[in-house]
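A look at the structure
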Amino acid sequence: MELLLQDRFLICFLAGGFGMIFGSFATALIYRLPREINWVSKRSSCTSCGKNLSIPDLIPIFSYIFLFGRCRHCKTSYSIKYLIIEILVATSFVLSFYFIPFGSKSFIIAFLAFAIIVLSVIDFEHYIIPDEVNIFILLLGIIYSISNNVQFTDIIINIAVFLFLSLFLRWIMFVWKKKEGLGLGDIKFFAAAGAFLSFEFLPVFLFISGITGLLVALFWRVIKKTDIFPFGPSLSVSLFFCVAFPETSVSIIQRIQEIIY
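None of the values given here were measured: they were computed from a predicted structure.

The rules behind these values
- Residues numbered from 1 in each chain as written.
- Predicted model: local features only at pLDDT ≥ 70, side-chain atom pairs only at ≥ 80, totals over all residues.
- Heavy atoms only, no water.
- Axes fitted to C-alpha atoms, helices over the stretch in contact; angles between N-to-C directions.
- Helix = DSSP H or I, 4+ residues; strand = E, 2+ residues; numbered from the N terminus.
- Parallel < 35°, antiparallel > 145°, perpendicular 65-115°, else oblique.
- Contact = heavy atoms within 4.5 Å.
- Phe/Tyr/Trp six-rings, centres within 6.5 Å; stacked < 30°, edge-to-face > 60°.
- Buried < 20%, exposed > 50% of the residue type's maximum accessible area, 1.4 Å probe, protein only.
- Core = buried A, V, L, I, M, F, W, Y, C linked by side-chain atoms within 4.5 Å.
- Expected span 1.5 Å × (residues − 1).
- 1 Å grid on protein atoms, 1.4 Å probe; cavity = no way out; pocket = protein on both sides within 12 Å on 5 of 7 lines; lining within 4 Å.
- Points joined across faces, edges and corners; volume = space filled by probe spheres on them.
- Nonpolar A, V, L, I, M, F, W, Y, C, P; charged D, E, K, R; others polar.

One can describe the packing of helix H8 (residues 184-196) onto helix H10 (residues 232-244) by two numbers: an axis separation of 10 Å at closest approach and a directional angle of 5°. Of the possible angle classes, the one that applies to H8 and H10 is roughly parallel. Counting all contacts with H8, which are made through Asp186, Phe189, Phe190, Ala193 and Phe196, the residues of H10 involved are Gly232, Leu235, Ser236, Leu239 and Val243.

Next up on the list: the packing of aromatic side chains. Under the definition given, this model contains 23 aromatic pairs. Ring centres 5.1 Å apart and planes at 75° place the aromatic pair Phe22 and Phe111 in the edge-to-face group. On the criterion of sequence distance, the pair formed by Phe22 in helix H1 (residues 2-32) and Phe111 in helix H5 (residues 104-126) is long-range, its members being 89 residues apart. Note on accessibility: Phe22 and Phe111 belong to one class, buried. Plain terms: the ring middles of Phe102 and Phe107 are 5.6 Å apart, the flat faces sit at 70° to each other, and that makes the pair edge-to-face. By relative accessible area, which is 55% here, Phe102 ends up exposed.

This brings us to the nonpolar core. Judged by nonpolar contacts, the single largest core of 50 residues is most densely connected at Ile137, Phe196, Leu197, Phe205 and Leu239. The set of elements that each furnish at least two residues to this core consists of H1, helix H4 (81-99), H5, helix H6 (131-147), H8, helix H9 (202-224) and H10. Contact partners of Leu239, with chain neighbours within four places excluded, come to Leu112, Ile137, Phe189, Ala193, Phe196, Leu197 and Phe205.

This paragraph deals with H9. Between its terminal C-alpha atoms H9 stretches 31 Å, which fits the 33 Å expected from 23 residues at 1.5 Å a residue. Residues of H9 that are buried include every one of Leu202, Val204, Phe205, Ile208, Ser209, Thr212, Gly213, Val216, Ala217 and Trp220, and no others. Looking one or two places after H9, you find Lys225, whose phi comes out positive at around 60°.

Further remarks concern the layout of surface pockets. Roughly 740 Å³ of internal volume is contained in the second largest pocket. Around the second largest pocket, the lining is made up of 30 residues, and of these Ser24, Thr27, Ser44, Leu53 and Leu58 lie nearest the centre. The set of elements that each furnish at least two residues to the lining of the second largest pocket consists of H1, helix H2 (55-58), helix H3 (62-66) and H4. Considering every element that reaches the lining of the second largest pocket, the biggest residue donor is H1, with seven residues. Classifying every residue of the lining of the second largest pocket by side-chain character gives 17 nonpolar, seven polar and six charged.

Look at Glu36: it is not a glycine, yet its phi comes out positive at around 55°. Inspection of the secondary structure assignment puts Glu36 in the loop between H1 and H2. Positive phi, normally seen in glycine, also occurs at Tyr127, with a value near 60°. When you line up the elements, Tyr127 lands in the loop between H5 and H6. Of the residues examined, Tyr127 reaches a relative accessible area of 39% and is grouped as partly exposed.

Structure representation (structure tokens):
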């Protein structure tokens, strides 16, 4: 038992280090993707003075702390959100490997959390969901379903069901409210969610995304004084819940069915 606990501690320690690296990567994506800046080969640089950043500037979490959140060259302050994002991603990796037995699912949950954090911050700030993030979640969902012995044809059917449902909801909202209820990024996310979930999960996926979307809308109306709010974070939270807690999701589905019938 002691050896198992030591192994678990080592796995979580490595997951935390790995998560810190991806947390730093997440901050780069959050800044670059909405601005269409090359995130593959372009070196990291200060957004104020343009100086290329080196290792002392790029150590996740610690560089921000030791440099007091400032550029080492021009002393311009960086937003604390970058530190928070790095901590969130690192924490999500640790929790994924702590609560889920080491294997494909723990990796998938960790990377899904990483993608959701990137998606949510970008959508909150720019009201868009980059195609790159949706494609990553789609591929992750295909890997997840295949690892759970779902036939590839069934995966394609599930993607199609989620996609056409989102298009139908978009049409309904347009007819009813005379405005787009779902953006194209949201529709693409529905398709990506279908790679993870079978259509049996649709009721709970829509229920959770609807409840969280309502809360975000109310918060957005108070803070931003507008009825236009990002729906991607609500969809992503719902997807994460269904994937991370499938048993609880099934019980919610059964409860919904009992209420309906």
